[in-house]
Amino acid sequence: MTAAEKEEGWKLLFNGKNYKGWMCSNGKKIAAPIENGALVPYKSGGYLIVYDKEFSDFKFKCDVKMPEECNSGIFFRVGDLKDPVQSGFEAQVLSRKGTGMHDFGAIYDLVAPSENRASAPGEWTHVEITCKGPHISVAVNGKVVAKLNADEWTVPGKRLDGTGHKFKAAVKDFPRKGYIGFQDHGHKVWYKNVKLLEL
């Protein structure tokens with residue numbers, strides 16, 4: 001934590017030494033070891049590694065490092081840990097260099113990133129997620145690449161352009177408060193400098 005971050009009120013969610021404050025989304029203890037001060041969801045024992053407190057309006061930031069092949073995600077405002085996919089949002093973490101709904105920086109299956117700003121495999125990428133009321137944005141390496149106003153998304157299973165998405169509820173009805181976590185989708189991935197500022 002920098003002096004400026006402390007003064008602004010940022011909170012360090014992961015201490016880089018142990019999983020204090022973290023758990024698997026299924027309630028189990030995290031089985032994966034910490035590697036070089038980084039949190040590792042891969043083979044953690046649950047679908048997500050989550051922080052044990054819920055947040056509503058916040059700025060969240062972390063650094064992520066991917067191998068050559070990687071599929072993971074940063075979940076946020078997850079209202080039901082038994083069904084995180086349908087009860088929260090995901091900022092996509094993926095090693096492929098595309099700009100689709102499922103590429104790095106996308107608000108998964110809802111908003112594609114304007115550009116793919118992920119760093120190369122083996123290098124750290126900085127991600128920031130901001131949630132304030134209905135407004136959600138994802139920034140990658142210092143630039144906002146995806147954003148939405150949940151209040152505009154009134155039809156279940158439909159994007160604003162009328163195409164279909166996988167969510168059963170209207171996005172406007174998604175929880176406005178929930179858990180933050182990192183997904184194990186079968187690939188190794190590292191997260192560090194995990195910080196949050198409540199708004």
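Residues numbered from 1 in each chain as written. Predicted model: local features only at pLDDT ≥ 70, side-chain atom pairs only at ≥ 80, totals over all residues. Heavy atoms only, no water.

Student: Help me understand the pattern of salt bridges in this model?
Tutor: Between side chains of opposite charge, a pair can form when the charged atoms approach closely. Scanning the entire structure with this criterion turns up 11 salt bridges. Close ionic contact of Arg176 with Asp151 constitutes a salt bridge, the shortest N to O distance being 2.7 Å. Taken as a pair, Arg176 in the loop between strand E9 (143-149) and strand E10 (179-183) and Asp151 in the loop between E9 and E10 lie far apart in primary sequence, 25 residues in all. The class for Arg176 is partly exposed, based on a relative accessible area of 30%. Asp151 sits in the partly exposed class, given a relative accessible area of 43%. (Salt bridge = Lys/Arg side-chain N within 4 Å of Asp/Glu carboxyl O. Helix = DSSP H or I, 4+ residues; strand = E, 2+ residues; numbered from the N terminus. Buried < 20%, exposed > 50% of the residue type's maximum accessible area, 1.4 Å probe, protein only.)

Student: In this structure, what is going on with the packing of aromatic side chains? I would like to understand it.
Tutor: Given two aromatic rings, their pairing is described by the distance between the two centres and the angle made by the two planes. In total, this model carries 10 aromatic pairs according to the counting rule given. Where Tyr47 meets Phe75, the ring centres are 5.9 Å apart and the plane angle is 80 degrees; that geometry is what we call edge-to-face. Of the two residues, Tyr47 sits in the loop between strand E2 (22-24) and strand E3 (48-51) while Phe75 sits in strand E5 (residues 71-78), which places them 28 residues apart along the sequence. An aromatic cluster of at least three residues, connected via ring pairs, comprises Trp22, Tyr51, Phe55, Phe60, Phe182 and Tyr191. Sitting above the plane of the Trp10 ring, Lys61 keeps its charged end 4.1 Å from the centroid. In this structure, Lys65 is placed above the aromatic ring of Trp190, and the distance from its NZ or CZ to the ring centre is 5.4 Å. (Phe/Tyr/Trp six-rings, centres within 6.5 Å; stacked < 30°, edge-to-face > 60°. Lys NZ or Arg CZ within 6 Å of the ring centre and 35° of its normal.)

Student: I tried to follow the sheet that holds strand E11 (residues 190-198) on my own but got confused; where do I start?
Tutor: Across a sheet, paired strands are connected by hydrogen bonds in the backbone, their directions being either parallel or antiparallel. Strand order in the open sheet formed by six strands is E1-E11-E4-E7-E8-E9, and the pairing between neighbours is antiparallel. Two strands close off the open sheet at either side, each with one partner strand: strand E1 (11-12) and E9. With two bridges joining them, E1 and E11 adopt antiparallel strand pairing. Along E11, the bridge assignment pairs Lys11 with Leu196. (Pairing = 2+ DSSP bridges.)

Student: I would appreciate a short explanation of the pairing of E9 in the present structure.
Tutor: On any regular strand, side chains alternate: one points to one face of the sheet, the next to the other face. Note that strand E8 (residues 135-140) and E9 share six bridges and pair antiparallel. Opposite His135, over in E9, you have Asn149 as the bridge partner. Turn length for the E8-E9 hairpin, with the two strands adjacent in sequence and antiparallel, is two residues, and the turn residue Asn141 shows positive phi of about 50 degrees.

Student: How should the sheet that holds strand E6 (residues 89-94) be read in this particular structure?
Tutor: The antiparallel open sheet is built from five strands, whose spatial order is E2-E3-E10-E5-E6. Pairing within the sheet leaves two strands with one partner each, and these edge strands are E2 and E6. The sheet shows a mean angle of 20 degrees between the axes of neighbouring strands, taken without regard to direction. (Axes fitted to C-alpha atoms, helices over the stretch in contact; angles between N-to-C directions.)

Student: What is the right way to read the environment of Lys147 from this model?
Tutor: Within the fold, Lys147 resides in strand E9. Separated by 41 residues in sequence, Lys147 and Ala106 place their C-alpha atoms 8.8 Å apart. Beyond its immediate stretch of four places on either side in the chain, Lys147 contacts Ile107, Val111, Ile136 and Ser137. (Contact = heavy atoms within 4.5 Å.)

Student: How should the side chain of Asn149 be read in this particular structure?
Tutor: Among the structural elements, Asn149 can be located in strand E9. Setting aside its immediate chain neighbours within four residues, Asn149 contacts Pro134 and His135.

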